Amino acid sequence: MLPGGICTGVWTIWCFKNFRERHYVWKCFVSVVCTSLFILLELLDFPPLLWTFDAHSLWHMSTILLPLLWYRYVHSNFIMKVLRLLLCYYMMDRFLLDDAL
């Protein structure tokens, strides 16, 4: 429990610090917080609801969409880094061409 809480805290702080320059960080924040909340279904066991849905099955059901949201965050972060790299190369190329003239 303690390592998971520390990890969630670190990710949450990172998300709040980077939200202004990376508008897509909300995807990271939501997926990390939801994972931490949904883990309570795994830890707090209760009898099945309607003789079908126990805590473990609800945990599996609740985590279906989280990898998709995390993937979208990772993809957005990758695209942003590639665009920054291309902009850096473009600016360096212009700078070198201006010096040559």
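Keep in mind that this is a model prediction, so the values were computed, not measured. (Residues numbered from 1 in each chain as written. Predicted model: local features only at pLDDT ≥ 70, side-chain atom pairs only at ≥ 80, totals over all residues. Heavy atoms only, no water.)

Draft legend 1. Spatial organisation of the environment of Leu 69. Here Leu 69 shows up in helix H4 (residues 66–100). Take Leu 69: its relative accessible area is 18%, and that puts it in the buried class. In sequence terms Leu 69 and Leu 2 are 67 residues apart; their C-alpha atoms lie 24 Å from each other. (Helix = DSSP H or I, 4+ residues; strand = E, 2+ residues; numbered from the N terminus. Buried < 20%, exposed > 50% of the residue type's maximum accessible area, 1.4 Å probe, protein only.)

Draft legend 2. The packing of aromatic side chains, seen in detail. Enumeration over the complete set of coordinates arrives at 6 aromatic pairs. Ring centres of Trp 11 and Trp 14 lie 5.8 Å apart, and the angle between their planes is 80°; this geometry places the pair in the edge-to-face category. A residue pair is termed a helical-turn pair when its members lie 3 or 4 positions apart in one helix, as Trp 11 and Trp 14 do in helix H1 (residues 2–18) at 3 residues. Ring centres 5.4 Å apart and planes at 85° place the aromatic pair Trp 11 and Trp 70 in the edge-to-face group. Residue Trp 11 is located in helix H1, and its partner Trp 70 is located in helix H4; the two are separated by 59 residues in the primary sequence. What makes Trp 11 partly exposed here is its relative accessible area of 27%. A residue is classified by how much of its surface remains accessible, and Trp 70, at 31% relative accessible area, is partly exposed. In this structure an aromatic cluster arises from ring pairing among Trp 11, Trp 14, Tyr 24, Trp 70 and Tyr 73. (Phe/Tyr/Trp six-rings, centres within 6.5 Å; stacked < 30°, edge-to-face > 60°.)

Draft legend 3. Just the nonpolar core, in detail. Listed in full, the 7 residues of the largest apolar core are Cys 15, Tyr 24, Val 25, Cys 28, Val 32, Tyr 73 and Met 80. Among the secondary structure elements, those contributing two or more residues to this core are helix H2 (25–43) and H4. Broken down by element, this core gets its largest block of residues, 3 residues, from H2. Residue contacts for Tyr 24: discarding those within four places in its chain leaves Tyr 73, Ser 76, Asn 77 and Met 80. (Core = buried A, V, L, I, M, F, W, Y, C linked by side-chain atoms within 4.5 Å. Contact = heavy atoms within 4.5 Å.)

Draft legend 4. Structural view of H1. For H1, with 17 residues, the first-to-last C-alpha span of 24 Å sits near the 24 Å given by 1.5 Å per residue. When we look at burial in H1, the residues that qualify are Thr 8, Thr 12, Cys 15 and Asn 18. Along the long axis of H1, the arc covered by the buried residues comes to 140°, so they all point the same way. Facing away from the buried side of H1 by over 90 degrees, the exposed positions are Leu 2, Pro 3, Val 10 and Lys 17. Against the buried residues of H1 lie H2. (Expected span 1.5 Å × (residues − 1). Arc of directions from axis to C-beta.)

Draft legend 5. The packing of H2 against helix H3 (residues 55–62), seen in detail. Following both chains from N to C, one finds H2 and H3 inclined at 155°, their axes separated by 7 Å at the closest point. Judged by the angle between their axes, H2 and H3 are roughly antiparallel. Two packed elements cross with a definite hand, and for H2 against H3 that hand is left-handed. In this structure, H2 contributes Phe 38, Ile 39, Leu 41 and Glu 42 to the contact, and H3 contributes Ala 55, His 56, Leu 58, Trp 59 and Ser 62. (Axes fitted to C-alpha atoms, helices over the stretch in contact; angles between N-to-C directions. Parallel < 35°, antiparallel > 145°, perpendicular 65-115°, else oblique. Left-handed = near helix turned anticlockwise from the far one by under 90°.)

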